[in-house]
Amino acid sequence: MHTLLLALTLQAHAGRPPGEIVAPAVIVDITPEGLDQLDVLAGALVPESIPIDDIEDGDEADEICIDLLFTEICFTPWRWGYEVSGFDVGLRIAQLDLVPGTGQIELAGAIEVNLASASDPGTLGFLAQLLDFGDPLIDIDESCDVWLEPTEIGFTTTIDLVVVPNGPDGTVVVVDVAPVDLSIDITGLRIEGCAIDFLDDFLNAVTGFLGSAFNLDLGELLTGLVEPLIDQFMGDALATIEDTLTELLSSLTIDQELDLLGVILQLHLEPGELTVDPAGIRFALDGSFAGTGNPAPCVSGFGIDESLATGGAYPGIGDGPLDPPHHLGAMIDDDFLNQALFAVWYEGLLCFEIGAGGGALPIDLPIPLDTSLLRILAGDTFAEFFPETKPIALATRPRKPPVAAAVPGGVSIALEELGLDLYAELDDRMVRLAGIDIGATIPAGLDFDGATGDLGIDLGLGPDAFTFGVVYNELKPEGSQQLGDGLSKLVGNLVGSLIGPLLGDLAFALPSFSGLGLSEAVIGPSGPDGDFIGFFAKLGLVDYGEGGDLGAIGDCAGGCSTGGSVAPWLLGLVVFARRRRDDDPRGED
C-alpha cells in the first residue's frame, strides 16, 4: 500500500520533458451569454436595403394594315404589358438565438422583411388595349403604389463543429452550417392609387388576347421579388458565418517561432478536444513550448531537465469571477506556463556574462562596468583594493527554472537561486569578488486597453519583488550587508531595462470582427485546484482594429449581385411559365 501511494504521488508531481505536449495546454470557453452577443455580428451582416432591378414584360399583335380607296389604315389589334419598378427589400434581424446543444449549436431567429414602404412605395403598372380599326374597345392603363409592411420570416438551422485530423498540419476544426428553409407571408401587402378591380379587368383582357386563361397572381409576383433575395442573403450570411468561424477557429492552431533576446523558442498550439453542450462550447488546445531541446552550458550542470507538472482538475465551463458571467474564457494550464518558463531557463535566456570581454547585452545598461560600480553599491568597502578604476564582469548562475502559480489578479512567478557573480581585475587577473543569490516573487498580470485592443504583460519588477543574499565575499565579509542593500536599490532599473524589450515583443493588438471585440477582461485562478490561469472577457461593440470582414455581403450601395438575377428569375418562373403554353396561338416555344 505504501509503495502504491508513493508511486501515485510521484506520478502526480512528475516532471515534463522539454517539448512534450501538454493536453490541454489552453482551454477556450464560449458561454451561452457569449453566444447571445453574436447578434451584433448578425446585425452587421444585414444590409439596410437591397435594390431590385426594374422588370417589365408584355406582348403585342402584329400590325394590321387595311387599304382603303384613298388611304391605308394600320393599327395593332391588341397589346398588353406590365412594369415593376422602384422596389427595394429592407432587412432587419428581429431575433437571433444561438443555443449550444449536444454536439452542435442550434441557430434560430427571425428576419423582418419589408418591400418598399408606405412613404416610398414601389410601382406596378398595367397596360391592356384592344383596338378596332384604331378605336379602343378595351383600354386599361393603371399604375398602383404597392408595398409590403414589415413581415417576420422565421428560420432555424444548426452549426456543427468537429475536430478532425489534418495530416502533418495537426488537427483542425471543421464548421458546417446546415441549409435553412424560408417562407414569406404577404398578408401585409398594401395596394393604393388604382381601381380595386383593375387586375381582374387586366387579366380578362389579356386572356381574350391570348385565347387561353392567363393567370397573374400579384401576391406571387411580389413574393417572387422578395424570396430570391432572402434566399441569396441567407445563403451568403450562413456561408460568411461558416467561413468566419472556420477562420477564427483555425487561428487556434499556432506554430510560431519567438526570438527572445537571441534565444529561439517554438510555440505550438492545436485543437484537441471539442465539447458542445448546453453549458457552452469548449475548445481544448494541446500545446508545447520548447527550444532546441539541448540545455545551455550555463544550466547543464544543475541536473534539472524537466519542467514542473502539477496536474489538477479542469475548470467548469462558465466558472469565473465576472457577474454577470463572462462571454469568453481562456484558461492556461500552469503546466504549460511552467514549460514555457522552463524553456526560457533551459535555453539560457537567464544566463549572461557581460563585461571584461564576456560579451554585451542588446540594451544599454544603466550601470558602469568597472570598479566604480562597487562604490555605487557598497561605498568605500572595496576602495582599498582598487585605488584605480579597473574592469569588472558580471555572470549569472540560474540554478533553478522559474515557476508560475495562479494568484488573484494574475500569476505569480517565483525565482529561486538566481546566482550573480561579480568579478574584478585584481593583481592583473580577474577574481571573483562576490557571489549573490537572488530570489524573487514577481506578480504578472495582463495590461488590456479596451479602447485600443492592445494586450500586454504587466510584471511587478520593483525592488521590493527581489531578495538578495551575499553567499561569497572573502575580501570584505563585513561589507556583505551593504553590498546586498546596494544591489536591492539598483536591481529595479537593471531588471526593468533587461525585461522591458522582452515584454514589448510579447505585446499584441487584439482583432475585432465587424465591430465586436473584447470590452472587459480580468485574470485570475481557475479550476477546483486553482492551477489554471484564467482570462475572462466580455464581448461588446468596440472601435479598435478590424480583423474580419463580416459586413461584406451587406454592402449593396452599388447594387448587390442578387439584384441582377431577379428579373430573369421572375420572367422565367412567374410570367412565362404561366403564359408560354403548347397552344400559344402564335405557335412560339
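Reading the values: rules and limits
- Sequence positions are assigned chain by chain, starting from 1 and proceeding in written order.
- At least 70 in pLDDT is required for a residue's local features to be given in this predicted model, at least 80 for side-chain atom pairs to be given and counted, and no such filter applies to totals for whole chains, interfaces and linings, which use all residues.
- Side-chain calculation: all heavy atoms of the structure are included, whereas hydrogens and water are not.
- Numbering goes from the N terminus for both helices and strands, where a helix is a DSSP run of H or I of at least four residues and a strand is a run of E of at least two.
- The buried label goes to any residue with under 20% of its type's maximum accessible area, the exposed label to any with over 50%, and the partly exposed label to all in between, with areas taken from a 1.4 Å probe on protein chains only.
- Polar contacts, as used here, are pairs of N or O atoms within 3.5 Å; protein pairs need one atom able to donate a hydrogen and one able to accept it. Residues neighboring in sequence count only if both atoms are side-chain atoms.
- Two residues form a contact once any of their heavy atoms are found within 4.5 Å.
- Only rings of Phe, Tyr and Trp enter the pairing, Trp through its six-membered ring, and a pair is recorded when the two centres are within 6.5 Å. The plane angle decides the type: under 30 degrees is stacked, over 60 is edge-to-face, the rest tilted.
- Cysteine sulfur atoms are paired as a disulfide whenever they fall within 2.5 Å.
- Here, the term nonpolar core denotes a set of buried Ala, Val, Leu, Ile, Met, Phe, Trp, Tyr and Cys residues that are joined through side-chain atoms within 4.5 Å.
- For every residue, the predictor reports its confidence as pLDDT, a number between 0 and 100.
- Within this document, salt bridges are pairs made up of a side-chain nitrogen of Lys or Arg and a carboxyl oxygen of Asp or Glu, the two lying within 4 Å of each other.

Overview of the side chain of Lys476
With respect to the helices and strands, Lys476 occurs in the loop between strand S23 (466–472) and helix H8 (480–506). What makes Lys476 buried here is its relative accessible area of 17%. At a separation of 2.9 Å, a polar atom in the side chain of Lys476 contacts the side chain of Glu384. Filtering out sequence-adjacent residues up to four positions away, Lys476 remains in contact with Thr381, Phe382, Glu384 and Phe385.

What to know about the packing of aromatic side chains
For the structure on display, the rule yields six aromatic pairs. Judged by centre distance (6.2 Å) and plane angle (35°), the rings of Tyr82 and Phe126 are tilted. Separated by 44 residues along the polypeptide, Tyr82 in strand S6 (residues 78–85) and Phe126 in strand S9 (residues 122–132) bring together distant segments of the chain. Judged by its relative accessible area of 3%, Tyr82 falls in the buried class.

Structural notes on the state of the cysteines
Scanning the entire structure with this criterion turns up two disulfides. The disulfide partner of Cys65 is Cys74, and the S-S distance across this bridge is 2.0 Å. Its torsion about the S-S bond being 115°, the disulfide of Cys65 and Cys74 is classed as right-handed. The exposure class of Cys65 is partly exposed, given its relative accessible area of 39%.

Focus: the side chain of Gln339
Checked against the element boundaries, Gln339 lands in helix H6 (residues 334–346). Of note is the side chain of Gln339, whose polar atom sits 2.9 Å from the backbone nitrogen of Phe289. With near-sequence residues (within four places) excluded, Gln339 lies in contact with Arg16, Pro17, Gly19, Glu20, Val22, Gly287, Ser288, Phe289 and Ser307.

Concerning the nonpolar core
Counting residues in hydrophobic clusters, the biggest one holds 74 residues, and the most contacted among them are Phe87, Val89, Leu91, Leu115 and Leu161. Sequence-distant contacts of Leu161, that is, excluding residues within four places in its chain, are made with Gly103, Ile105, Val174, Val175, Leu249, Leu274, Val276, Ile281 and Phe283.

Details of the confidence of the model for the chain
Overall, the predicted model of the chain reaches an average pLDDT of 77, with 79% of residues at or above 70. Confidence, expressed as mean pLDDT per element, reaches its minimum in the chain at helix H9 (residues 566–579) with 24 and its maximum at H6 with 93. In the predicted structure, residues 547–589 sits below a pLDDT of 50 and forms 73 contacts with residues beyond four places in sequence or in another chain.

So, unusual backbone geometry
Here the amide bond leading from Ala23 into Pro24 is cis, since omega sits at -5°, within 30 degrees of zero. Summarising the element assignment, Pro24 is placed in strand S1 (residues 22–30). We note that Asp428 has phi near 65°; this positive angle belongs to a residue other than glycine. With respect to the helices, strands and loops of the structure, Asp428 is situated in the loop between strand S20 (410–426) and strand S21 (429–448). Residue class for Asp428 comes out exposed when judged on its relative accessible area of 72%.

Observations concerning the pattern of salt bridges
Within this structure, the stated rule accounts for 13 salt bridges. For Arg375, the salt bridge goes to Asp380, with nearest N and O atoms at 2.4 Å. Using a relative accessible area of 55% as the deciding quantity, one classes Asp380 as exposed. One network of salt bridges, with partners in common, ties together Arg16, Glu20 and Asp335.

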